[in-house]
Amino acid sequence: MFPGRMTLSPPGPPGGPPEELQELAFIERPIRRSLKTAEEIDQLTVDEDLNDVERAVYLLSVGQEVQRASVISNLPSLVRQNPAETFRRVVPKVREVLNGAGAEIQLAAATSFLTILQDDIILIHTHTYSILKTVLLHLNHRDTVVSSAWLETLLSAINALPKETIKQEVLNPLLYQSQLSHSLQARLAACRILGKASCKFDSLIVKKELLPLARSLSRDTESEVRVCMCRQLESMARAIGMDDTRTELLPELLELAGDEESRVRLAAFDSIISLMEMMDGDDRLHLLVPLVMSACDVSSQVDEGIMVSLSFQFGKLCSGLAGSLSEEQKRLLLQKFQVLCITGLQTEENQMDVGESTLIRCNCCYNLPAMVAFVDPAHFLCDIHPSLSGLCSDPEVSVRRSVAASFHQVVKLLESNVHVVHKELLLLLQDSALEVLDALMNHLDETLEVVLSRGDNLILDNKLPELLSALLSAEQKVGSSLRWRLHEKLLHRYSCLSRLLPGELLHQTFSARIFIILTTNKVLPVQKEAARTFCTFLRYNRKQEQRQEMMERLIQDLAQGRSYWNRLRFLDVCEIATEIFSRKYFNKHFLIPALELVHDPVANVRYKLCQLLPRLRSSLRLPADKLLLQKLDFCVQKFLCREKDKDVVAMIRKFHKRHEWDLLDQKKEKEEMLLLEMLERQQSDGKLNSDKHEERKRRDSKTSLSSAKSMSVSSSTGSSSSGKETRKAKLSRSRSLSSQPTSSKPVNSDRPLKVKDLSGSSGLGKSTRDDSVRTAHFTLTTQSTSSMPVLIRSKTTSLLDHASLLEQREHRTSTLDHRTGNRDQRNHMMEHRTSSLEEREHRTSTLDHRDHRTSTLGQRSKTMERGSGMKDSQSRKLSMNRKSNSLQSE
């Protein structure tokens, strides 16, 4: 078979192949037989391009049975993905497959439809109706397991269906299924459907249509049908109300309570007791009390089922009927309870089954708190205490476990009389069965709190050593076993002793034992719980010497211990101490010993310390813990510089990076706080600056209005007087020529010379008289025409002077503001920065405003000068024309 191996292997015996090859052949034979043939592989292969719905339809059509079962089981997920296509294409195929399918596919379909209905996947009633048709089709399957599965699906579908659909599709067939001609299975299904459907309809429909059908089923010839219908009458009674229940259903239940079959009587008895809360005082007195008394009489003789049910319902009956019972009836009930507590323990001829009797006594333990509340506290010792003591020492472990589970409730009800059950508590603590201790430990802290705080002090002092000894023996018993979870629970419950016992007594009895568990136990959860309990004892110990002693033991035996395991436990103690102690106490006693483990030779200890560093860092607060923070940073730096273990290096780098993030976060937080303070100051200063700014705006608006008015007046006067000036010039020239020409003032004697030179250089060749006349005329003309530009310049200078005055005023205002800002600067540096920025912005806006005003004035002055220049040229032309005209006339 394996020629390569044959050549390499040593030669075997001559009789056959080697043993190794024979073993390999034997192993490979069943594997080869289990392989699929090519045809089978082709049948199981599905096209990958098909979607989920198409694949499901294909497999349901031509797939094998295992594939069909898989598709049907996966039907809820298909409905979630695509409900419309699934109900349109897949569900009809499922119906086809179910016809004649085996029990496996039937159960898978019932389970899938039940999941669809319970998960509320369907949103359309038509889909629920399609499921209902499938369920009703297979409800009467010949296999009882399959029919029960479809019945559960139908009961779930009733919750999702409308009333009309239930009435037409479900209730109408029940009229035929409830007849005796139908099978027992169909009649049982009809009983359950009646109880479920009664919750969907109002009381009138239930009373008229469903209740007659229930009566006929409760009188069925089969006791199993009567029992099933009897258990459904409770839901029907809640649907029709108490008035109709009193007249319609209670007579039926009382009749069933006297049935010849014990199962029917038990079902009726349970149904009547469950309806007790709906009954009034008269019904309880006349119906329920006689029934209970008769049940008690019957239960003591024959009916074991009634006796078990009565033991379970006894506490509820006594609490509900307490106001309707006489003293004699109460006494009879108490006597019956005492009899139930010792059922099966007496040596009688007609003893019941051991399991039944044990169950009755367990039920009595369950009802102990209700019976303690039922009796008078003064009669507890004579009525209940003997039964309680007997149950605590019962030979069956399950009974003792049941009484241990309810013992804390009994103790709470006894209050100041709790000392009477001290012996029973010791019995339970010293019980040999760990199951009893486990049940007692669930609420041991509540029990000890009542026992150690509410009992009589004198009696407590005498009984306290016994209780402490029992607690220690219980711990030793649990610690020597393998039930480490129970040991952990016990140590956790013992931590309540720090609040209930004096510190000195606790230190003498329990602290040493807890410390031994901490240092010697090998189970890590137990060690951590022992560390938590020890830290709790240390915190509540009020004597400084004992606290110091406990801390020294922690440092010497754990932090400085020879075993690295103890040093690891010290770090666990530090982790727990951060939760129990205050930050100040932890930093004083635990932090430095923990940081000293940075020099530990074992990498696991250093790794544990690195894991603990974030918690240690969070316990420090600056500036009070500055020195401790420096030590912690030194520890981190040492790890970063000298550590060689890769796991420790990775952990310390992670912490260092997180520490850097914390520092960055603190820096961001400080910046955010500063920004918030600046914003608050800006908001407070903004109100003052806004008032000042409004005042400046008012002043600026007033000055701008006045300057605008003056400028508009000057411009209007300049533009309107331009024509008047021309006429005035003409009049002045005519007057100067007509009147005395010598009376005019000699203005600017250089001008005639210049004009004369100009006229001489013109080459006209006139006489001296003509030149003098021409000079005098030109002088007068120059005087008259030069007056207008002088007036315009004077107005322009006045505007400039006014603008300079405005600038001086604004400068004074800004100077005053600047002085105010300087004063604020001396008081507050942050305010100075804000105000200086605002002043700069204000100055920039003021300068811009001034530049705008100056540019506006400059443009206006240029415009006016241009106008005056044009007027000068026009006047000169006029004068030259007039001069030429005068010369021509001469």
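Because the structure is predicted, anything quoted here is derived from the model rather than measured. (Residues numbered from 1 in each chain as written. Predicted model: local features only at pLDDT ≥ 70, side-chain atom pairs only at ≥ 80, totals over all residues. Heavy atoms only, no water.)

Trainee: Can you explain the overall build of the protein? Please cite residues and give values.
Mentor: Check the secondary structure of the protein and you find 43 helices and zero strands. Per-residue burial over the protein gives 41% buried out of 890 residues. Partitioning the contacts of the protein with sequence separation of at least 6, the portion at a separation of at least 24 is 69%. Split by element, the accessible area of the protein, about 50,600 Å² in all, is 53% carbon and sulfur. (Helix = DSSP H or I, 4+ residues; strand = E, 2+ residues; numbered from the N terminus. Buried < 20%, exposed > 50% of the residue type's maximum accessible area, 1.4 Å probe, protein only. Contact = heavy atoms within 4.5 Å. Areas by Shrake-Rupley, 256 points an atom, 1.4 Å probe, with all protein chains shown as cover.)

Trainee: Explain unusual backbone geometry to me, using residue names and the numbers behind them.
Mentor: In most cases, non-glycine residues show a negative phi, while peptide bonds are predominantly trans. For the peptide bond that leads from Leu 622 to Pro 623, omega is 0°, which places it in the cis range. Secondary-structure assignment places Pro 623 in the loop between helix 38 (603-618) and helix 39 (626-642). Even without being glycine, Glu 415 reaches a positive phi, approximately 55°. By the element assignment, Glu 415 lies in the loop between helix 25 (407-414) and helix 26 (422-429). Here Glu 415 falls in the partly exposed class, since its relative accessible area comes to 47%.

Trainee: Describe the state of the cysteines, and please don't skip the residues or the numbers.
Mentor: Throughout the structure, instances matching the rule amount to zero disulfides. You can see Cys 362 has no disulfide; the closest cysteine sulfur is in Cys 365, sitting 6.0 Å from it. Note on Cys 362: relative accessible area 14%, which makes it buried. (Disulfide = S-S within 2.5 Å.)

Trainee: Kindly report on the packing of helix 24 (residues 397-405) against helix 27 (residues 434-441), identifying the contributing residues and their values.
Mentor: Where helix 24 contacts helix 27, the axes come no closer than 8 Å and their chain directions differ by 15°. Relative to helix 27, the element helix 24 lies roughly parallel. Between helix 24 and helix 27 lies a crossing whose hand is right-handed. Contacts between helix 24 and helix 27 involve Val 397, Arg 400, Arg 401, Ala 404 and Ala 405 from the former and Glu 435, Val 436, Ala 439 and Leu 440 from the latter. When its residues are assigned to classes, the contact of helix 24 with helix 27 shows six nonpolar, no polar and three charged. (Axes fitted to C-alpha atoms, helices over the stretch in contact; angles between N-to-C directions. Parallel < 35°, antiparallel > 145°, perpendicular 65-115°, else oblique. Left-handed = near helix turned anticlockwise from the far one by under 90°. Nonpolar A, V, L, I, M, F, W, Y, C, P; charged D, E, K, R; others polar.)

Trainee: Lay out the packing of aromatic side chains with the relevant residues and their values.
Mentor: Scanning all chains against the criterion turns up 10 aromatic pairs. Judged by centre distance (5.8 Å) and plane angle (40°), the ring pair of Phe 314 and Phe 337 falls under tilted. Here Phe 314 is found in helix 18 (residues 304-320), whereas its partner Phe 337 is found in helix 19 (residues 327-341), with 23 residues between them in sequence. This pair shows no difference in class: Phe 314 is buried, exactly as Phe 337 is. Seen in terms of ring centroids, Phe 581 and Tyr 585 are 4.8 Å apart; in terms of plane orientation they differ by 20°. Their pairing is stacked. (Phe/Tyr/Trp six-rings, centres within 6.5 Å; stacked < 30°, edge-to-face > 60°.)

Trainee: Let's hear about the side chain of Glu 529: which residues, and what values?
Mentor: Summarising the element assignment, Glu 529 is placed in helix 33 (residues 524-540). The charged side chain of Glu 529 is buried without a salt bridge, its nearest counter-charge being Arg 532 at 4.5 Å. Within the local environment of Glu 529, its side chain forms a polar contact with the side chain of His 492, the two groups lying 3.2 Å apart. The residues touching Glu 529, leaving out its near neighbours within four places in the chain, are Glu 488, Leu 491 and His 492. (Lys, Arg positive; Asp, Glu negative; His and termini not counted. Salt bridge = Lys/Arg side-chain N within 4 Å of Asp/Glu carboxyl O. Polar contact = N/O pair within 3.5 Å; in protein donor to acceptor, adjacent residues only side chain to side chain.)

Trainee: Tell me about the pattern of salt bridges, and please be specific about residues and values.
Mentor: What the rule picks out here adds up to 34 salt bridges. Two residues, Arg 615 and Glu 579, come together in a salt bridge whose shortest N-O distance is 3.9 Å. Pair noted here: Arg 615 is in helix 38 and Glu 579 is in helix 35 (residues 564-580), with a separation of 36 residues, a long-range link. Take Arg 615: its relative accessible area is 31%, and that puts it in the partly exposed class. Among the charged side chains, a network of salt bridges with common partners joins Arg 532, Arg 569, Asp 572, Glu 575, Glu 579, Lys 608 and Arg 615.

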